[in-house]
Amino acid sequence: MTPKLLLKIVCLYFVLSCTSSSIVQGIPVNASSRSPRDQQPRRLRKSNPDLNRVFTHPTITIDGQLLSRTGYFLEILQNGTIQATLNNSSIYTKLEMQSYNRTLKRFKGIHSEYFLACEIRNRRRGIFIGVRSLSTNSLFIEHMEENGYTTYRPLDFPTNNNNTGHLAIKVNGKFRRIERSTPGMHASQFTFLNH
């Protein structure tokens with residue numbers, strides 16, 4: 001092979017390799033043929049409108065116990081009395097949490113058949129009671145706090161500027177007045193223990 005012929009072959013190879021790479025770079029690539037690391041980040045989906053819709057019947061029911069951060073379990077007694085106890089083996093601490101949408105919850109005593117409710121309109125305003133009939137005063141708005149605990153606010157309780165009105169059990173086992181309980185207090189933070 002002569003050096004002129006070898007030079008022509010190398011030049012031809014160089015020209016073909018350069019033009020083929022520029023042609024490939026100019027062709028748009030199908031998105032499905034890209035590797036996962038080359039794909040653009042996915043956009044966040046808009047929230048499903050069904051998550052905020054209130055259903056007439058509970059969509060999910062979970063059995064468990066409602067434990068306050070102060071160490072007390074909420075119990076609904078046979079006569080409808082709501083109280084707190086340190087006895088985690090009490091049959092009246094067993095609750096059924098009914099979920100009506102993403103944040104709307106209702107608590108039912110499994111053995112007492114009473115629902116946890118907050119008296120809003122009558123003389124006993126802000127008192128937690130047990131009721132047998134379903135009404136909006138037995139619905140609670142669940143909110144997950146930054147520390148992993150949840151707070152429960154009665155649905156019918158009027159909203160105000162100082163962010164009060166939560167279910168709260170004090171260190172001595174008594175319920176905190178609903179007008180004075182805020183979500184940052186240990187008394188108003190709960191964990192639902194599944195069974």
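Residues numbered from 1 in each chain as written. Predicted model: local features only at pLDDT ≥ 70, side-chain atom pairs only at ≥ 80, totals over all residues. Heavy atoms only, no water.

**A closer look at the environment of R106**
Take R106: it is sitting in strand β5 (residues 104–109). Judged by relative accessible area, R106 falls into the buried class, the value being 5%. Spatially, the C-alpha atoms of R106 and E96 are 8.1 Å apart, while their sequence positions differ by 10 residues. Other than its neighbours up to four places away in sequence, R106 contacts E96, M97, Q98, Y100, F115, L134, S135, S138 and L139. Polar side-chain contacts of R106 include one of 2.8 Å to the side chain of Y100. Separated by 3.0 Å, the side chain of R106 and the backbone oxygen of S135 make a polar contact. (Helix = DSSP H or I, 4+ residues; strand = E, 2+ residues; numbered from the N terminus. Buried < 20%, exposed > 50% of the residue type's maximum accessible area, 1.4 Å probe, protein only. Contact = heavy atoms within 4.5 Å. Polar contact = N/O pair within 3.5 Å; in protein donor to acceptor, adjacent residues only side chain to side chain.)

**Things to note about unusual backbone geometry**
Its identity is not glycine, yet E113 carries a phi of approximately 65°, on the positive side. Turning to its location among the elements, E113 is positioned in the loop between β5 and β6 (115–118).

**Some points on the confidence of the model for the protein chain**
Per-chain confidence: the protein chain averages 82 in pLDDT, with 75% of residues scoring 70 or above. Low confidence marks residues 20–24, where pLDDT is under 50. Its contacts with residues over four positions away, or in another chain, come to 0 contacts. (pLDDT = per-residue confidence, 0-100.)

**Side note on the packing of aromatic side chains**
What describes a pair of aromatic rings is the distance from one ring centre to the other and the angle between the planes of the rings. All chains considered together, the criterion is met by 6 aromatic pairs. Here the aromatic rings of F107 and Y152 are separated by 5.1 Å at their centres, their planes lie at 85°, and the arrangement is edge-to-face. Of this pair, F107 sits in strand β5 while Y152 sits in strand β9 (residues 150–154), and the two are 45 residues apart along the sequence. For the pair F107 and Y152, one class covers both residues: buried. An aromatic cluster of three or more residues is present, and its members are F107, F128, F140, Y152, F175, F190 and F192. Note that R106 overlies the ring of F115, its terminal NZ or CZ placed 5.8 Å from the centroid. Sitting above the plane of the Y114 ring, R132 keeps its charged end 4.2 Å from the centroid. (Phe/Tyr/Trp six-rings, centres within 6.5 Å; stacked < 30°, edge-to-face > 60°. Lys NZ or Arg CZ within 6 Å of the ring centre and 35° of its normal.)

**Describing the pattern of salt bridges**
According to the stated counting rule, one finds 3 salt bridges in the structure shown. Between K105 and E142 there is a salt bridge, with its nearest N and O atoms 3.6 Å apart. Taken together, the positions of K105 in strand β5 and E142 in strand β8 (residues 140–144) put the pair 37 residues apart, joining distant regions of the chain. K105 sits in the buried class, given a relative accessible area of 7%. (Salt bridge = Lys/Arg side-chain N within 4 Å of Asp/Glu carboxyl O.)

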